[in-house]
Amino acid sequence: MSTTLHPPATGSEAPARQTAPRPGPTLLASLLGFTVITVDVSAVNIALPDIRASLHGGMAGLQWVVDAYTLTFAALMISAGALADRAGARRAYAWGTGLFTLASLACALAPGIGALVAARVGQGAAAAVVMPASLALIRQVYEDPRRRARAIALWTVGGSVAMAAGPVLGGVLTEAAGWRAVFLLNLPLGALILALLTRTAPSPRRPAPLDVPGQLTAVLGLGGLAYAVIEGGHAGLTSPPVLAAAGLAVAAAVAFRAAERRHPAPMVPLPLLRRREVGVSLAVGFAVNAGFYGVVFLLGLYLQQLRGMSAVAAGLMFVPLAVLITSTNLVSPRFAERAGRRPVIVTGQVILAGAMFALLPLAADTPLWLVLVLLVPTGVGGALAVPALTALLMDAVPGHRAGTASGLLNSLRQTGGALSVALFGALIGSGEAFSVSGMRQGLVAVGAVLLVTAGLSLWRLPKGGGRRTDEH
C-alpha cells in the first residue's frame, strides 16, 4: 500500500472538518476502491483462457493483459502520492476512480488483444492514483489514532481478501457471462464509490513537487525489462527487439539514478535505499509477490488448460487460499510481537519457497485434494511475512518518508508479480499446450529467489526488527 501521512494542516482544512459527515461513507469508499483495484489483479488471471479463445491472442498477449496493469500500477505508484497531495485526496480519488471505471468499460468493449492491453494500461494508471489517495482519505477523517489504526487494519484485510478472492469472482463471472463481465462489474462499483465521495469532506491541497524525469525513466525501465522477459521467451533472447528492450531498460536505470541524484525532491531519495532495513524490505517484497502472483497466474492456466476445468471450478480452488491468507494476515502481527519481526519475515519466505518446490510434482492427473494441500504453504508464507515486513519498513524510516517508503515497497511488490508472470508465461509455452517442464523451471527459479532473500533477511536484518527514525 502507498501511505501519505502528514501533520495536521491549517487554513482550508478547518472548514472541511467542521462540515465533515460521519467517517463511515469515507471508509466504505476507500475500502471499495482498494478492493476493486486489488481484485482486478487476480480475477483476470482466471479469465485468461476465455480471453484467449475470444480474442485469439497468444501467450505473449495474455501476459501483457496481466502485466500492462501491474507494471503501470507499479511504475506510477511511486509518485502518485504527490499527485494526491497536490490535488487533494478526495479529488485525486475521484479522478482515479473515474478513470478506472472508464478504462474498465474500454476493457469490456475491447475488440482485440491490443485494445485490451491499452485499456489495461489506463486501469493501471488509475489504480496507482486510487491506492495512496484511499489511505490518505482514511487519515483525513480519523483523527483518533486508535480508531484510525482499526480503520487501516480493516482496509488492509479488505485488500488481502480481495486479492485471494479475485480468482473465485473471476471464475464465477467468466462462466456465467463471459470474461467481459469481469470488467463490467467495475462500472456500478465505480459509480457507488463516486456517490459515497459526495458525503466526504473536501481534502486540503498541499504543495508537492513532481519528479517528472524520475517518473519517465522508471516507466521506460520497467516497460523495457518486462518486454525483454515476455518477448524473449517467445522470439528468443537474441532477437533485435528483445536486445533493444533490454538495452532500454539498462539505459533507463542509469538515467533514473542520475535523475534522482539531481532532482531537488526525488521520488526515490537514494540515501533511503542505503538503509539495510529498507533495501532488504524492498527485495523481500519483490520476491514474495513474485511467488504469489506467479502461482495465481500459473494455477489459473494449469487448472483450465492442462486439466480442462471450468472457470468456476478453477476459481473455487482458490477459496481455501483466500481463507488461509486472511487468517494468517490477522495473526502475523501477534507472532511478530512475540518472536520478533526478523524470524517471522524469514519464516514466511522459507515457507513460500517451500510452496514453490512443493508444487513441482503437479501433473494433469494430480488428485485435486493434493493440489489443495500443496497450496497451503502458498497461502501461509506470504501472508505471514508481509505484515511484519511492512511494519519493519515503516519503523525504519522517519515519519515524513512513510509515504515514499510505502510507495516503494508496493511498487517493488507489483514489479515482482509482473516479472514473475512474464517468466512463467515465457516458460509454459506460446502454443495451446501447457508445458509442465516450463512450469517446473519457473517454480524452481522463483523458489531460489525466495531462499536468497530469506538468507539476506537473516544476514542483514537486526534481531529484534530494529527501529530507526533518524532523519535524512
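Scroll up for the structure.
The rules behind the values
Residues numbered from 1 in each chain as written. Predicted model: local features only at pLDDT ≥ 70, side-chain atom pairs only at ≥ 80, totals over all residues. Heavy atoms only, no water. Axes fitted to C-alpha atoms, helices over the stretch in contact; angles between N-to-C directions. Helix = DSSP H or I, 4+ residues; strand = E, 2+ residues; numbered from the N terminus. Parallel < 35°, antiparallel > 145°, perpendicular 65-115°, else oblique. Contact = heavy atoms within 4.5 Å. Nonpolar A, V, L, I, M, F, W, Y, C, P; charged D, E, K, R; others polar. Polar contact = N/O pair within 3.5 Å; in protein donor to acceptor, adjacent residues only side chain to side chain. Expected span 1.5 Å × (residues − 1). Buried < 20%, exposed > 50% of the residue type's maximum accessible area, 1.4 Å probe, protein only. Patch = residues over 30% accessible without salt bridge, like charges linked within 9 Å, V, L, I, M, F, W, Y side chains within 5 Å. Areas by Shrake-Rupley, 256 points an atom, 1.4 Å probe, with all protein chains shown as cover. Salt bridge = Lys/Arg side-chain N within 4 Å of Asp/Glu carboxyl O. Lys, Arg positive; Asp, Glu negative; His and termini not counted. Charge placed at Lys NZ, Arg CZ, Asp CG, Glu CD. Core = buried A, V, L, I, M, F, W, Y, C linked by side-chain atoms within 4.5 Å. Left-handed = near helix turned anticlockwise from the far one by under 90°. Phe/Tyr/Trp six-rings, centres within 6.5 Å; stacked < 30°, edge-to-face > 60°. Lys NZ or Arg CZ within 6 Å of the ring centre and 35° of its normal.

Moving on, we get to the packing of helix H14 (residues 319-339) against helix H15 (residues 341-358). Geometry of a packed helix pair, given as the angle between the helix axes and the separation of the axes. For the pair H14 and H15, the least separation of the axes is 7 Å and the interaxial angle reads 130°. Taken together, the axes of H14 and H15 are oblique relative to one another. On the side of H14, the interface is formed by Ser-332, Phe-335, Ala-336 and Ala-339, while H15 contributes Arg-341, Pro-343 and Val-344. Split into classes, the residues belonging to the contact of H14 with H15 amount to five nonpolar, one polar and one charged.

To continue, consider the side chain of Asp-40. Examined against the element boundaries, Asp-40 turns out to sit in helix H2 (residues 24-55). Within polar-contact distance, the side chain of Asp-40 engages the side chain of Gln-123 at 3.3 Å. Asp-40 has contacts with Tyr-69, Phe-100, Arg-120, Gln-123, Phe-183 and Asn-186, leaving out every residue within four places of it along the chain.

On to helix H12 (residues 276-306), then. For H12, spanning 31 residues, the distance from its first C-alpha to its last is 43 Å, which sits close to the expected 45 Å at 1.5 Å a residue. For H12, a buried count of 25 out of 31 residues is recorded, marking the element as mostly surrounded by other parts of the structure. Remark: Gly-308 follows H12 within two positions and exhibits a positive phi of approximately 75°.

Here the focus is a positive patch on the surface. A cluster of basic side chains, namely Arg-257, Arg-261, Arg-262 and Arg-274, defines a positive patch on the protein surface. Within the element layout of this structure, Arg-274 appears in the loop between helix H11 (270-273) and H12. Relative accessible area serves as the criterion here: at 64%, Arg-274 is assigned to the exposed category.

Moving on to the nonpolar core. Counting residues in hydrophobic clusters, the biggest one holds 137 residues, and the most contacted among them are Ile-37, Leu-48, Ile-51, Leu-116 and Phe-297. The residues contacting Leu-116, other than those within four sequence positions of it, are Ile-51, Leu-55, Val-65, Cys-107, Ala-110, Trp-179 and Phe-183.

Here Ala-75 shows up in helix H3 (residues 59-87). With relative accessibility at 3%, the residue Ala-75 sits in the buried group. Distance from Ala-75 to Thr-415, taken between C-alpha atoms, is 8.1 Å for residues 340 residues apart in sequence. When near neighbours in sequence (up to four residues on either side) are disregarded, Ala-75 contacts Gln-215, Val-219, Leu-222 and Ser-411.

This part covers a nonpolar patch on the surface. A cluster of nonpolar side chains, namely Val-350, Phe-357, Val-444 and Leu-451, defines an oily patch on the protein surface of about 300 Å² accessible area. For the nonpolar patch, the elements supplying multiple residues, two or more each, are H15 and helix H19 (436-460).

Turning our attention to the side chain of Asn-186. Inspection of the secondary structure assignment puts Asn-186 in helix H8 (residues 186-197). There is a polar contact of 3.0 Å between the side chain of Asn-186 and the side chain of Ser-104. Setting aside residues no more than four positions away along its own chain, Asn-186 makes contact with Val-36, Asp-40, Phe-100, Thr-101, Ser-104 and Gln-123.

Our focus in this paragraph is the packing of helix H4 (residues 89-108) against H8. Interhelical geometry of H4 versus H8 gives an angle of 165° and a closest axis separation of 9 Å. Judged on the interaxial angle alone, H8 and H4 are roughly antiparallel. Two packed elements cross with a definite hand, and for H4 against H8 that hand is left-handed. Residues Arg-90, Tyr-93, Ala-94, Thr-97, Phe-100, Thr-101, Ser-104 and Leu-105 of H4 touch H8, and the partners they reach there are Asn-186, Leu-187, Gly-190, Ile-193, Leu-194 and Leu-197. For the contact of H4 with H8, a count of residues per class yields eight nonpolar, five polar and one charged.

Attention now goes to unusual backbone geometry. Phi is positive for His-56, close to 60°, though the residue is something other than glycine. Mapped onto the elements of the fold, His-56 is located in the loop between H2 and H3. Look at His-56 and you get exposed, because its relative accessible area is 71%.

For any pair of aromatic rings, the description consists of the separation of the ring centres together with the inter-plane angle of the planes. For the coordinates displayed, the defined rule picks out six aromatic pairs. Their ring planes at 85° and their centres at 6.1 Å tell us that Trp-179 and Phe-183 sit as a pair that is edge-to-face. The class of Trp-179 is buried, set by a relative accessible area of 3%. Members of the aromatic cluster, connected to one another through ring pairs, are Tyr-69, Phe-73 and Phe-100. The lysine or arginine in question, Arg-460, covers the ring of Trp-459, its NZ or CZ lying 5.5 Å from the ring centre.

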